[in-house]
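# Tertiary structure, described
The primary structure of each chain is shown beneath.
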Amino acid sequence: MLKKGSKLNSILTGSCPKCHEESMYLEKNPFKMGKIFEMHETCSHCGTRYKMEPSFFYGAMYVSYGLSIAFGVAAFIIANVFFGLGLIHSFIAIVATLILGFPIILRLARNIWINMFVHYDKNWKETKH
């Protein structure tokens, strides 16, 4: 399922989108809030620059919005349909899910965003700059 070379591997693990050899983040744990945005400048294996231009990851806000909607809808369905909670309690479940899931949503949004522009290269060793 998460074999090297798939977008899903890079998105879920936070690894370099070009070579999948190392994590893009200095701290792999997204719940260490002080270090959630800290990333390596380049991949130490293939040399891919993660911040291709200033403010590159601002575009990830659009992805984050979509992910937040998906997490919120999932929380509502689980709370309301499966557990039979009322609307107030379902709303509380949505808010709690979004607050607790914020670091995961943020990292996933960044991973999806960079994977839209950088593609896996199985021959990265030969084309390394």
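For clarity, every value in this text was computed on a predicted model and none was experimentally measured.

The next subject is the overall build of the chain. Each helix and strand counted, the chain has 4 helices and 0 strands in total. Shown N-terminal to C-terminal, the secondary structure of the chain runs as helices and strands in the order α-α-α-α. Across its three principal directions, the C-alpha atoms of the chain cover 60 × 30 × 20 Å. Across the 129 residues in the chain, those meeting the buried criterion constitute 37%. Of the contacts formed within the chain by residues at least 6 apart in sequence, a portion of 58% connects residues at least 24 apart. Put simply, the chain shows about 8100 Å² of open surface, and 67% of that area lies on carbon and sulfur atoms. The average position of the 14 basic charges and that of the 8 acidic charges among the side chains of the chain differ by 4 Å.

Our next topic: the UniProt feature "transmembrane region" (unreviewed entry) in the chain. UniProt's entry tags residues 56-79 and 85-106 with the feature "transmembrane region" (unreviewed entry), counted in the numbering of this structure. Each end of residues 56-79 is marked by a C-alpha atom, and these two atoms are 36 Å apart; helix forms 83% of the span and strand 0%. As annotated, residues 85-106 comprises 91% helix and 0% strand, and the C-alpha atoms at either end are separated by 28 Å.

On to the packing of aromatic side chains, then. Following the criterion strictly, the structure yields 4 aromatic pairs and no others. Both rings, one in Phe56 and one in Phe57, keep their centres 4.9 Å apart while their planes meet at 75°; by these two values the pair is edge-to-face. Its relative accessible area of 8% is what places Phe56 among the buried residues. Considering the side-chain rings of Phe56 and Trp113, the 6.3 Å spacing of their centres and the 50° angle between planes classify their relative orientation as tilted. One end of the pair, Phe56, is in the loop between α1 (7-13) and α2 (60-82); the other, Trp113, is in helix α3 (residues 87-117), with 57 residues separating them in the sequence. Here Phe56 matches Trp113 in class, with each residue buried.

Moving on, we come to the confidence of the model for the chain. With 98% of its residues at a pLDDT of 70 or more, the chain shows a mean pLDDT of 92. Summarising per-element confidence for the chain, the mean pLDDT is lowest in helix α4 (residues 124-127) (75) and highest in α2 (97).

This next bit is on the packing of α2 against α3. With their axes 7 Å apart at the nearest point, α2 and α3 run at an angle of 145° to one another. In this structure, α2 meets α3 at a crossing whose hand is right-handed. Across the interface between the two elements, Ala60, Val63, Ser64, Leu67, Ser68, Phe71, Gly72, Ala75, Phe76, Ala79 and Asn80 of α2 pack against Leu87, Ser90, Ala93, Ile94, Thr97, Leu98, Ile105, Leu108, Ala109, Arg110, Ile112 and Trp113 of α3. Partitioning the contact of α2 with α3 into residue classes produces 16 nonpolar, 6 polar and 1 charged.

Here the focus is the environment of Lys28. Position of Lys28 among the secondary structure elements: in the loop between α1 and α2. On the basis of relative accessibility, which here comes to 62%, the residue Lys28 falls in the exposed class. It is 9.9 Å that separates the C-alpha atoms of Lys28 and Arg107, two residues lying 79 residues apart in sequence. Beyond its immediate sequence surroundings of up to four residues, Lys28 is in contact with Ser23 and Arg107.

So, how was this worked out
Numbering of residues starts from 1 in each chain and follows the order in which that chain's sequence is written. Whole-chain, interface and lining totals are the exception, using all residues; otherwise, since this is a predicted model, local features are given only for residues with pLDDT of at least 70 and side-chain atom pairs are given and counted only at 80 or more. For side-chain calculations, the full set of non-hydrogen atoms in the structure is used, while hydrogens and water are omitted. In this text, helices come from DSSP runs of H or I with a minimum length of four residues, and strands from runs of E with a minimum of two, each type numbered from the N-terminal end. Three labels apply to residues, based on accessible area from a 1.4 Å probe with only protein chains included: buried if under 20% of the type maximum, exposed if over 50%, partly exposed otherwise in between. Contacts are assigned to residue pairs that have any heavy atoms within 4.5 Å of one another. Surface accessibility follows the Shrake-Rupley procedure with a 1.4 Å probe radius. Residue values consider only the protein chains on display as shielding. We score Asp and Glu as negative and Lys and Arg as positive, and we do not count His or the chain ends. Charge coordinates come from a single atom per side chain, which is NZ of Lys, CZ of Arg, CG of Asp or CD of Glu. UniProt positions are given in the numbering used here, feature names are shortened, and annotations may be inferred rather than shown by experiment. Only centres within 6.5 Å qualify two rings of Phe, Tyr or Trp (six-membered ring in Trp) as a pair; their planes then separate them into stacked at under 30 degrees, edge-to-face at over 60, and tilted for everything else. The pLDDT score gives, residue by residue, the confidence of the prediction method on a 0 to 100 scale. Between N-to-C directions, angles cover 0 to 180 degrees, with each direction set by a line fitted to C-alpha atoms, over the stretch in contact for helices. By convention, the crossing between two helices is left-handed when the near helix turns anticlockwise from the far helix through less than a right angle, and right-handed when the turn is clockwise. Amino acids are sorted into nonpolar (Ala, Val, Leu, Ile, Met, Phe, Trp, Tyr, Cys and Pro), charged (Asp, Glu, Lys and Arg) and polar (every other residue, Gly among them).

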